[in-house]
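What follows is each chain in one-letter form.
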Amino acid sequence: MMMMPFSAVVFSMMLLLISRASAFTTRPTTSLQLRHTWRQLLLSSSNRSSQPTQHLFAFTKTTISFDPSVDVRDKATSTIVVGRHSTLKSLIEKQDAYVSLFGFRPHPDILSSMHESITGNQATTSHVIVPTVGPAIPRPPHRLTLCSLQNKVTRHNHPLSLHSMTDSVKSSVKGKGPVRIMVMVEDEYPLGPIAGAISKAFPVFNRKTTSKKTEGDADEDNGDDGTEEEDRLIHVTFLDSKGKIVKNIIEINAAREAAEGVRLACRLVDTHPEELTTTAFAQECHDLFDDDETVTIEEIVGEELKEKGYGGIYNVGKGATHPPRLVILTYEPPKNVLTEESEEQSAITLVGKGIVYDTGGLAIKSRTGMCGMKHDMGGAAGVLGGFTAAVRLRTPRKIRLMLCLAENAIGPNSVRNDDIITQYSGKTVEINNSDAEGRLVLSDAVAHATQHFDDCDLVVDMATLTGAQLVSTGKLHAAILANKEELEQTAVKAGLASGDLCFPLLYAPELLKKEFSSKVADMKNSVKDRSNAQCSCAGHFIESHIDPKYIERNGGWLHVDMAGPGTKAERGTGYGVGLVLSLVGAPGFASRS
């Protein structure tokens, strides 16, 4: 074989990269981008979908510990005490417990003054640098923060206003060294939702090339206060109404797994699409469960989707470099965790929209509208995080997880507006908006679940489905649609218990189905009138593909549109993990022992 000079190889590779980029992007590739890409190629022999070479980046790690021991107490450089204004006062009055709690004896007048400076009418914080006076080993001055939560909230909020707790904790972590967070949970509030809220304050994903923050980098409006820039230990301790450390192992395990599930979901949502392809997403599932005997994994990939009739998933993803996939995970609880009551429970099926990137397809999004569309797999991330935590907690209920993975890309094979596709339900759909792709992939999975899973009596689909959701229920509450009123009420209660808040939409399929009428197919995929309950319409589209026999046997269906609460300040929130854990009844998550 004739060998080319190295310079010729470089030039040829650059030409190849230019030709590939022109086929899949709408902007010209710059020489800087080419140099970066060529550098990646030199540093790695893997293909385009591979993970970047790790030494290019300053990877950081924040470890969150829920060990009830006080070993970290004397190592911490700062302490944050979180609770409602009234409960913080009761703790401050227990002066004889200061040393055991803090490892030193802060002056009572300092704590009292801090408490008086904050209010119980809203979430507020107060901090001070205090000397570490007491019987402990001499330590440097200590940063002490009180985070006061509202004493009372309205009926559509978690009693401890967990969103406020996340924000308060995030803004209170400053400086270097281990941080100890003590949460006054009182006696009625489960630990799992609180742990999930705290974990949201510490993002995982980071591809910055340096961990050193430059002056002025911190931008509170963008949610970037530097907490993710430095390796650190966060130690969380829960205190009951008497100020005693909660040590119940079931509750602590639930807190730990809920936090890990949230951080998994956040990491996936934050990961950019060049790295989190459909192939990589599926591999995440294998990495999580290949060694777990309670979980089996099945995949239907690429052309096999077409052959087996999954027209929604296949057509949405067929234009991308990485093939579309339907990943089905099944958890069978071990016999030793089953009780007589749990054995009578039917299985639950979770369905997640996993559009790893949404260009809008040939109905292309705008330059600004496309940015952030890596988050369009937030539904799949949320149900995967919840499923993972439920499995780790050995939930005594059979759970299935269906991930609809695709990239809504632009290319010669992309589905076109005016195409007619056949969904797994057998119904035909005229595409009038390739940017309404989420409902197409979810409909295939919901049809599969209701046709083939005879032991299932509840199907829950979760998706960043519509921008209209934010208009309907806001940025903190997901919009839900349920085919039964009692299921709707159950979901709202699960949201309030878990902190993954949700609120019902209008349920009236017989009034809204006309929005999808088509002259040449069973339906179109996007509404005629965007001002007519658009968010409900999108859910009803999915519902129309449920197998009629499933409805006849009184099967339940819950749709969760979490386009708003799925992200905040360009970061994933882990929404859905807590809601799933509450719905499936994960041990220790939604109740106190």
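Residues numbered from 1 in each chain as written. Predicted model: local features only at pLDDT ≥ 70, side-chain atom pairs only at ≥ 80, totals over all residues. Heavy atoms only, no water.

**Examining the sheet that holds strand 17 (residues 556-561)**
For sheets, the rule is that strands pair by backbone hydrogen bonds, running either parallel or antiparallel.
Here is step 1: Strand order in the open sheet formed by eight strands is 7-8-10-9-13-17-14-15, and the pairing between neighbours is mixed. Two strands lie at the open edges of the sheet, namely strand 7 (295-301) and strand 15 (502-504), each paired on one side alone. Geometrically, the sheet is characterised by an average inter-axis angle of 20 degrees between neighbouring strands, direction not taken into account.
Here is step 2: Packed onto the sheet, helix 19 (residues 534-543) meets strand 13 (456-463), strand 14 (478-482) and strand 17 and runs at close to 140 degrees relative to strand 17. (Pairing = 2+ DSSP bridges. Helix = DSSP H or I, 4+ residues; strand = E, 2+ residues; numbered from the N terminus. Axes fitted to C-alpha atoms, helices over the stretch in contact; angles between N-to-C directions. Contact = heavy atoms within 4.5 Å.)

**Here's the deal with the packing of helix 8 (residues 249-270) against helix 14 (residues 378-392)**
Here is step 1: One can describe the packing of helix 8 onto helix 14 by two numbers: an axis separation of 8 Å at closest approach and a directional angle of 155 degrees. It follows from the interaxial angle that helix 8 and helix 14 lie roughly antiparallel. By crossing handedness, the relation of helix 8 to helix 14 is classed as right-handed. Here Glu257, Ala258, Gly261, Leu264, Ala265, Leu268 and Val269 of helix 8 come into contact with helix 14, specifically with Gly378, Ala381, Gly382, Leu384, Gly385, Thr388, Ala389 and Arg392.
Here is step 2: Along the lines of polarity and charge, the residues of the contact of helix 8 with helix 14 split into eight nonpolar, five polar and two charged. (Parallel < 35°, antiparallel > 145°, perpendicular 65-115°, else oblique. Left-handed = near helix turned anticlockwise from the far one by under 90°. Nonpolar A, V, L, I, M, F, W, Y, C, P; charged D, E, K, R; others polar.)

**Brief notes about the pattern of salt bridges**
Here is step 1: This model, assessed by the stated rule, comprises 21 salt bridges.
Here is step 2: Measuring nitrogen to oxygen at the nearest pair gives 2.6 Å for the salt bridge that ties glutamate 251 to arginine 592. In this pair, glutamate 251 sits in helix 8 while arginine 592 sits in the segment after helix 21 (577-584), placing the two residues 341 residues apart along the sequence.
Here is step 3: Judged by relative accessible area, arginine 592 falls into the partly exposed class, the value being 23%. (Salt bridge = Lys/Arg side-chain N within 4 Å of Asp/Glu carboxyl O. Buried < 20%, exposed > 50% of the residue type's maximum accessible area, 1.4 Å probe, protein only.)

**Observations regarding helix 14**
Here is step 1: The end-to-end C-alpha separation of helix 14 is 21 Å, in line with the 21 Å expected for 15 residues at 1.5 Å each.
Here is step 2: Arginine 394 lies just past helix 14 and shows a positive phi near 55 degrees. (Expected span 1.5 Å × (residues − 1).)

**Quick look at the confidence of the model for the protein chain**
Here is step 1: A residue-level look at the protein chain finds 86% of positions with pLDDT of 70 or above and a mean pLDDT of 88.
Here is step 2: For the stretch residues 218-223, pLDDT sits under 50, and the model shows eight contacts to residues farther than four places along the chain or on other chains. (pLDDT = per-residue confidence, 0-100.)

**Let's talk about the sheet that holds strand 1 (residues 62-65)**
Here is step 1: Read from one edge of the open sheet, six strands run 1-6-5-2-4-3, paired in mixed fashion. Each of the sheet's edge strands pairs with one partner strand only, and the pair in question is strand 1 and strand 3 (124-130). Strand-to-strand twist across the sheet, computed as the mean angle between neighbouring axes with direction ignored, equals 15 degrees.
Here is step 2: Both strand 2 (residues 78-84) and strand 5 (residues 179-184) contribute to a ladder of five bridges, which runs parallel. The residue bridging isoleucine 80 from the neighbouring strand is isoleucine 181, located in strand 5.
Here is step 3: The sheet strands contacting helix 3 (residues 85-92) are strand 2, strand 4 (142-149), strand 5 and strand 6 (232-239), and the helix crosses strand 2 at an angle near 125 degrees.

**A short note on the pairing of strand 14**
Here is step 1: Within strand 14, five of the five residues are buried, which leaves it mostly tucked inside the rest of the structure.
Here is step 2: Sheet topology note: the strand 14/strand 15 ladder contains three bridges and is parallel. The partner of alanine 478 across the bridge, within strand 15, is cysteine 502.
Here is step 3: Following the chain from strand 14 across helix 17 (residues 485-498) to the adjacent parallel strand 15, one finds a crossover that is right-handed. (Right-handed = clockwise from strand over helix to strand, strands pointing away.)

**Section: the side chain of asparagine 483**
Here is step 1: Within the secondary structure, asparagine 483 sits in the loop between strand 14 and helix 17.
Here is step 2: A polar side-chain atom of asparagine 483 sits 3.0 Å from the main-chain carbonyl oxygen of glycine 555.
Here is step 3: Among the polar contacts made by the side chain of asparagine 483, one reaches the main-chain amide nitrogen of tryptophan 557 at a distance of 2.9 Å.
Here is step 4: In this structure, asparagine 483 is in contact with Tyr507, Glu543, Ile551, Gly555, Gly556 and Trp557, ignoring residues within four places of it in sequence. (Polar contact = N/O pair within 3.5 Å; in protein donor to acceptor, adjacent residues only side chain to side chain.)

**Notes on the nonpolar core**
Soluble globular proteins tend to bury their nonpolar side chains together.
Here is step 1: Ranked by internal contacts, the top residues of the largest apolar core, which has 58 residues, are Phe281, Leu329, Leu350, Phe387, Leu403, Leu558 and Val560.
Here is step 2: In this structure, Ile300, Leu305, Tyr314 and Ile546 belong to the second largest nonpolar core, which totals 46 residues. (Core = buried A, V, L, I, M, F, W, Y, C linked by side-chain atoms within 4.5 Å.)

**Notes on unusual backbone geometry**
In most cases, non-glycine residues show a negative phi, while peptide bonds are predominantly trans.
Here is step 1: Although it is not a glycine, alanine 533 sits at a positive phi angle of roughly 50 degrees.
Here is step 2: With respect to the element layout, alanine 533 can be found in the loop between strand 16 (523-524) and helix 19.
Here is step 3: The backbone phi angle of glutamate 570 is positive, close to 65 degrees, even though this residue is not glycine.
Here is step 4: Among the secondary structure elements, glutamate 570 is positioned in the loop between strand 18 (567-568) and strand 19 (571-572).

**Section: a negative patch on the surface**
Here is step 1: Taken together, the side chains of Glu340, Glu341, Glu343 and Glu344 define an acidic patch exposed on the protein surface.
Here is step 2: Positionally, glutamate 344 belongs in the loop between helix 12 (340-343) and strand 9 (347-358).
Here is step 3: Given the relative accessible area of 64%, glutamate 344 is considered exposed. (Patch = residues over 30% accessible without salt bridge, like charges linked within 9 Å, V, L, I, M, F, W, Y side chains within 5 Å. Areas by Shrake-Rupley, 256 points an atom, 1.4 Å probe, with all protein chains shown as cover. Lys, Arg positive; Asp, Glu negative; His and termini not counted. Charge placed at Lys NZ, Arg CZ, Asp CG, Glu CD.)

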